[in-house]
Structures are given as structure tokens and as C-alpha cells.
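These are the residues of each chain, in order.
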Amino acid sequence: MATEMDLLSTAESPPPVVPKLIREASDITWQESLESKKTQVVLVRRRGRFRLLHQQQFKNSLLASVGYLELANAGDFAANVWNQTPVPKFAAVLMGIGGTLALGMVLVAIHDFRLSWINVKLLRAERAHLQRLRKYHCKNAELARLIDSRLGVGVREIGTEVIDRIVMDVLMGFGSLLVGVGTLMAIGGANPHVFKASNLLSGYIGNGLAAVFGLFNAIWSGYLFHRFHVYNAAVFAREPSDDIRRRLHTRFRGFQWHAIVNGLNGLVAGAASMVTAERWWGYVVLIPCIISLILCNYFWRKQLGYDRPLFGHTSPTELPLIEDLQYVIVMQRALADLEHSLPQAIIHPGSLDSILHFIVRENMLEKYCESLARDKTTHHLLASFPSLNTSPDQITVSLDTLFRLPPIHLELILEHAKRFLQTTGVRVFTYRERHLLELLGHAISQDHKKVITTTQDDRIEHA
């Protein structure tokens, strides 16, 4: 085991030869490549741009603008501080700005809700498939262990999408709507009925929803902190390799720090929001909460979140998580130096055929097509692809259609494909490492739990 782990050292160059690299396997596991690999991708033209017709992978789609949702709670600053009649003119201007800002954040919450709901539907479908596989392969201990790891990590993924995104978007979004309406109504506060309704909407009712979310978020964050504490303890008890232990420890500590800051931030921000209904100093407490939420959002998107392929509808085959992890780490370093790091049997940097086949084997065709559509130097090429007879605005991108492009376009495609591997390709394997580390941590913690249970049973029997 120690010899196997030594291959993960990032200080070695060129990268070591690992079993999966020799076999030219090409995904988080060999089976995931067979299941979720697609040889063609359908794009649809919407508002003049080509986009994926259907999302097929779990995506790290959290919006950066969601980090500013807490700012909507401060949009009623002028309405609560200058809660008087007649309303001063400068305060009326501030109310208009704050109310509009709060209403604008509702659109952000709706968009993020839609993106998260797509992820949840995909994860639930995958979970149902994995549960069927688990029953079918219950007698195969090693394979059942791999499936259990994916089911266990899936619980965390679904929980994060539902609580940290969907529940937040619903409660904070609706709260922003009430705060925005109440703040704008405060401009006409000379009317006693409008004054009372404004106080209710921009006061306890609107801000109360943020407090409710803070409570939900704190409970979920506490669960996550405990979960990754258990993972960390099991890793230190059972994992002999310094390198793999360091990677797992860093990953789990990142989750724990995020859980602590995010959980406390929700509680404090919720309480401060309730205080702002009557006390101006509540906004002073909200300022660090707003900054903290923005930083938590950034940390999740850049350090914790990941995209990953989903399981399909065929039976998996056994492949150790350690071997997958070796392969993924090696590929990150190798793709960054495409010209010299990989054997030409796997990728020939000067061959478009070699690169495109590698992209398909690695289940990156979907991302590659998205890259083609976004890149200013290549997006015009998509107009050359034949459209479907039934849907003129839809095109199918595959290896066959790519190779049918004129030679002058193939040169452009080759240069773009190289850039894709050295940028998006490296990020794909970075995301896969994050997912694999969590899978490995869950597997180790479950093994550790079984050892403890067995030891306790033996002691009881001997006693």
C-alpha cells in the first residue's frame, strides 16, 4: 500500500506510471467511462448562441451573485432607520435604491434555484440507479463497498443542494421580495395603512425568513462538521500514506471550516436581521455577515465544489479508489504540460484525432462542446454543423461531424482542443480528485466503523 501511495507524490517529474494510465482507462472509474461516456452532444440555438440541450452531469453551478443575498436584508436600512413621517427626501432616495436592490436579488435566487433543482433531479435519478445496483451486487463485498461510498457521498451532495441552495433560495429570495416591497412602500409612509404594512414587510416578516434559514443552515452545518470530523479521524487511524493523508485532511478540513463559518454566519445574520426591525445597530452586525457569506460562496465554488459525471444504467466493475486517485492526480500534472508529459500512445499533441478521441474517452465531450460554443474564435464554426430535420435550431456534435469540417477549420479546432485540455481539462481532473477524495474518505470511515464494531463484539463474546 505504501508503495502504491508513493506514486501520488506531486514532487516527481515526469509523472509516475500508474496501472490505470497503462490501461488507458479514462474516467473516475473504468465503468463510469463506459456508462456515462457520450459520443455525441446535442446543442440548441437560443438567443443567437448555442447551448447544451440537456445537462447530463452534476455541476458546480452555485452562482457567485448568491453570495450577496444577505445584502438584500440590509436593503431596508433607510426604511427602518428613518421610520418616520414625513420621510426625508434623502431617505426616500435611499429607500428606492435599497428596495430595488432587494427585489433584484429575487431574480438571482430564482436562477440559482433552477440550476440547483436540475442537479437534484440528476442526483436523485443516479441514487435510485445505485440503490438497484446495490441490491443486485450485495454478495460482492468490494463492489458493494464502492457503491455504498457513492451513495454516502450522494447524501451529502443532495443535502447541500437542497439546504444550502434550494431552501436558501426560497427563504432568502422570498424574504428579499418582502423586504424590497416593504422598503419601497415606506416612501409613501405618510399613509397610516401603508406605513403599517411597510413596517411589517420590511421588519419582522421579511427579516424573519432569513432567521429561519439561519437555523436550518446551522443544523446542517453542524451535521457536516461532525461528518467530516469522523472522516478525518478514520483517515488518521487507518491510512498509512503521508501524501494521501495530507490530501484527505486538507479536503475535510476545508469542509469543516466552511461549515463552521457558514453555520455561525447564518445564525448571527438571522438574529441581526430581526434586530434591524427596531435597532439601527443591527446593520453594523450584518456587515461582517455579508462579507463572510461572500467569502464562503467564493471558497465553495473555487475549493470545495466540483463537476462530475453521473452513473448510467449498466452494472459497474471493480476498480480501487486509490488507483483512480493516482490516475487523476497524474493527469492533472500531465495535461498542464501537454507536449512532454504523456505517452503518445495516450495523447499525441499534434494529432487532432488523438486529442478528440482522448476527450471522448475521458467523458469530456460535453464540456468540450460548451467550450466551442463559448470561445470567440470557434463559436462561429458551429453554424457549419448540420441541423436536425425535426428541429432546425438543434445540431449534433460528434467526432464524425468534427472531422467533416474543412481542413482550415480543423487547424483551428486542433489549437482550441490543446487549449481546452490545458485549461478546462486540468480543471476537470481537479474536480474529479475532489470527488474521489470524498468517496475514499467515506469508504475508509465505513471500514473503520466496521473494525470498531467487530472489536467490540469480540470483547463482549470473550467477556
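Here, the structure is the one placed above.
We now turn to the structure provided with this report. (Residues numbered from 1 in each chain as written. Predicted model: local features only at pLDDT ≥ 70, side-chain atom pairs only at ≥ 80, totals over all residues. Heavy atoms only, no water.)

What about a positive patch on the surface?
Positive charge collects at one region of the surface, where Arg-46, Arg-47, Arg-49, Arg-51, Arg-114, Lys-302, Arg-374 and Arg-427 lie side by side. Its place among the elements puts Arg-49 in strand β2 (residues 49-52). Residue Arg-49 is classed as partly exposed on the basis of its relative accessible area, which comes to 42%. (Patch = residues over 30% accessible without salt bridge, like charges linked within 9 Å, V, L, I, M, F, W, Y side chains within 5 Å. Areas by Shrake-Rupley, 256 points an atom, 1.4 Å probe, with all protein chains shown as cover. Salt bridge = Lys/Arg side-chain N within 4 Å of Asp/Glu carboxyl O. Lys, Arg positive; Asp, Glu negative; His and termini not counted. Charge placed at Lys NZ, Arg CZ, Asp CG, Glu CD. Helix = DSSP H or I, 4+ residues; strand = E, 2+ residues; numbered from the N terminus. Buried < 20%, exposed > 50% of the residue type's maximum accessible area, 1.4 Å probe, protein only.)

Considering the packing of helix α9 (residues 242-275) against helix α10 (residues 282-304)
One can describe the packing of α9 onto α10 by two numbers: an axis separation of 9 Å at closest approach and a directional angle of 155 degrees. In terms of orientation, α9 and α10 fall into the roughly antiparallel class. In terms of crossing hand, the pair formed by α9 and α10 is left-handed. Contacts between α9 and α10 pair Arg-251, Gly-254, Phe-255, His-258, Val-261, Asn-262, Asn-265, Val-268, Ala-269, Ala-272, Ser-273 and Val-275 from the former with Gly-282, Val-285, Leu-286, Pro-288, Cys-289, Ser-292, Leu-293, Cys-296, Phe-299, Trp-300, Gln-303 and Leu-304 from the latter. Its residues assigned to classes, the contact of α9 with α10 shows 15 nonpolar, eight polar and one charged. (Axes fitted to C-alpha atoms, helices over the stretch in contact; angles between N-to-C directions. Parallel < 35°, antiparallel > 145°, perpendicular 65-115°, else oblique. Left-handed = near helix turned anticlockwise from the far one by under 90°. Contact = heavy atoms within 4.5 Å. Nonpolar A, V, L, I, M, F, W, Y, C, P; charged D, E, K, R; others polar.)

Structural notes on the packing of helix α8 (residues 192-238) against α9
Interhelical geometry of α8 versus α9 gives an angle of 160 degrees and a closest axis separation of 7 Å. Taken together, the axis directions place α8 and α9 in an arrangement best described as roughly antiparallel. Taken as a pair, α8 and α9 cross one another with a handedness that is left-handed. Of the residues that constitute the contact of α8 with α9, the class distribution is 18 nonpolar, 14 polar and two charged.

What about empty space enclosed by the protein?
If you walk through the whole model with that rule in mind, you get seven cavities of 30 Å³ or more. Quantified by volume, the largest cavity comes out at close to 280 Å³. Forming the boundary of the largest cavity are 24 residues, of which Asp-164, Met-168, His-258, Asn-262 and Leu-293 lie nearest the centre. Of all the secondary structure elements, the ones that give two or more residues to the lining of the largest cavity are α4 (69-73), α7 (141-185), α8, α9 and α10. In terms of residue count, the dominant contributor to the lining of the largest cavity is α9 (seven residues). The residue makeup of the lining of the largest cavity, split by class, is ten nonpolar, eleven polar and three charged. (1 Å grid on protein atoms, 1.4 Å probe; cavity = no way out; pocket = protein on both sides within 12 Å on 5 of 7 lines; lining within 4 Å. Points joined across faces, edges and corners; volume = space filled by probe spheres on them.)

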